[in-house]
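Each chain, written out:
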Amino acid sequence: MEHLEIELKFHISNFAALRRRLQELGAACICQRTFEHNARYETEDGRLQKNKCLLRLRKDQGTTLTFKSPPPEVDTRFKIYRELEVSVNDFDTMNAILNALGYFRCQVYEKWRETWQLKDTTLCMDTLPFAGFLEIEGSPGPIMRIIRDLRLRWEHRILSSYLGIFETLRKKESLPFSDVTFDNFKSVGIPFDRYAHLFESENPGGR
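These notes cover the structure that comes with them. Remember, it's a predicted structure, so these values are computed and weren't measured experimentally. (Residues numbered from 1 in each chain as written. Predicted model: local features only at pLDDT ≥ 70, side-chain atom pairs only at ≥ 80, totals over all residues. Heavy atoms only, no water.)

Here's the deal with the nonpolar core
The test is simple: Residues belong to one nonpolar core when they are buried, are Ala, Val, Leu, Ile, Met, Phe, Trp, Tyr or Cys, and are joined through side-chain atoms within 4.5 Å. Buried, partly exposed and exposed residues are distinguished by accessible area as a fraction of the type maximum, computed with a 1.4 Å probe on protein chains only: under 20%, between the cut-offs, and over 50%, respectively. To qualify as a helix, a DSSP run of H or I must reach at least 4 residues; to qualify as a strand, a run of E must reach at least 2; elements of each kind are numbered from the N terminus. Contacts between residues were defined by any pair of non-hydrogen atoms, one from each residue, lying within 4.5 Å.
In this structure, Leu18, Leu22, Leu123, Leu134, Ile136, Leu150 and Leu152 are the most contacted members of the largest nonpolar core, which totals 22 residues. At the level of elements, β1 (4-11), α1 (15-24), β6 (104-118), β7 (121-127), β8 (132-137) and α4 (140-149) are the ones that each hand at least two residues to this core. In this view, Leu22 contacts Ala27, Trp116, Leu123, Met125 and Leu150; residues no more than four positions away in its chain are not counted. Grouped together as the second largest cluster of nonpolar side chains are 21 residues, Phe133, Ile158, Tyr195 and Leu198 included.

Next up, the structure:
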């Protein structure tokens, strides 16, 4: 089994309207708004990033270790990664194990997530320190139907990761930090709408 994660993101500025529309479509909220603390790990030689891989330890209602790597085939319509994920019961101990294996925590990022389900599609309302997003995960057909039913514009879909989006914003705004935390953004006002077009997949530079 390839364990493929297939998803798209959309920048959302009005979650209340989105919730109403999801309810009209018969979607159910399966997880109330929950805070997530994510730690990204790397090797001393930067091997993971060079190979477009992600090793992440996440703490929310539980603790999850995730490894993402590029898929066997490229599909420019969707963001697709091979994803391996396992639950662990102790964030600090897992962090110590990763350190002992030669991985170090190189970046932290935070978000609030509210999760909905509509048939075979998972929809996550994510609030990052710099903007709000809807992440739609499922198989290609259902994802495209959800986009139509939510009246979203296909050409506005985002294929970048949250860390990829942040890296672009960091360079554009000359931000002096690399951790995507709410504390770091307390005194920083990011005009995301000014940059949204950079991430939309119809823009040649948007990936």
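Some words on the pattern of salt bridges
Convention followed: In what follows, salt bridge is the name for a side-chain nitrogen of Lys or Arg lying within 4 Å of a carboxyl oxygen of Asp or Glu.
Applying the stated criterion across every chain, the model contains 21 salt bridges. The residue Lys171 makes a salt bridge to Glu167 at a minimum N-O spacing of 4.0 Å. Here the residue Lys171 and the residue Glu167 both occupy positions in helix α5 (residues 162-173), the gap between them amounting to 4 residues, near one helical turn. A residue is classified by how much of its surface remains accessible, and Lys171, at 58% relative accessible area, is exposed. Between Lys186 and Asp183 there is a salt bridge; the shortest N-O distance is 3.2 Å.

Let's talk about helix α3 (residues 91-100)
Convention followed: Think of the arc as the fan of directions from the helix axis to the C-beta atoms.
Those residues of α3 lying buried are Phe91, Met94, Asn95 and Leu98. Buried residues in α3, looked at end-on, bunch into an arc of 105°, giving them a common side. Of the residues in α3, the exposed ones pointing more than 90 degrees away from the buried face are Asp92 and Ala100. Each element contacted by the buried residues of α3 is listed here: β2 (28-42), β3 (54-59), β4 (63-69), β5 (79-88) and β6.

A few points about the state of the cysteines
Stated precisely, the cut-off is as follows: Two cysteine sulfurs form a disulfide in these notes if their separation is within 2.5 Å.
Summed over all chains, the structure comprises 0 disulfides. Lacking any disulfide linkage, Cys29 is separated from the closest cysteine sulfur, that of Cys31, by 7.0 Å.

Notes on the packing of aromatic side chains
The geometry of an aromatic ring pair is captured by the separation of the ring centres together with the interplanar angle, meaning the angle of the planes. What counts is decided by this rule: What counts as a ring pair is set by centres within 6.5 Å for rings of Phe, Tyr and Trp (its six-membered ring), and what kind of pair is set by the plane angle: stacked under 30 degrees, edge-to-face over 60, tilted for all other angles.
Applying the stated criterion across every chain, the model contains 12 aromatic pairs. Judged by centre distance (5.7 Å) and plane angle (75°), the ring pair of Phe78 and Trp154 falls under edge-to-face. Residue Phe78 is located in the loop between β4 and β5, and its partner Trp154 is located in the loop between α4 and α5; the two are separated by 76 residues in the primary sequence. On the basis of relative accessible area, Trp154 is assigned to the partly exposed category, the value being 24%. Look at Phe130 and Phe133: their rings are 6.0 Å apart centre to centre, the planes differ by 75°, and that puts the pair in the edge-to-face class.

Observations regarding the side chain of Thr66
To be explicit about the condition: Whenever two N or O atoms come within 3.5 Å, that pair is a polar contact, provided that in protein one can donate a hydrogen and the other can accept it, and provided that, for residues adjacent in sequence, both atoms are side-chain atoms.
As for its position among the elements, Thr66 is in strand β4. A polar side-chain atom of Thr66 sits 2.7 Å from a polar atom in the side chain of Glu85. Once residues within four sequence positions are removed from consideration, Thr66 is found in contact with Leu54, Leu55, Arg56, Glu83, Leu84 and Glu85.

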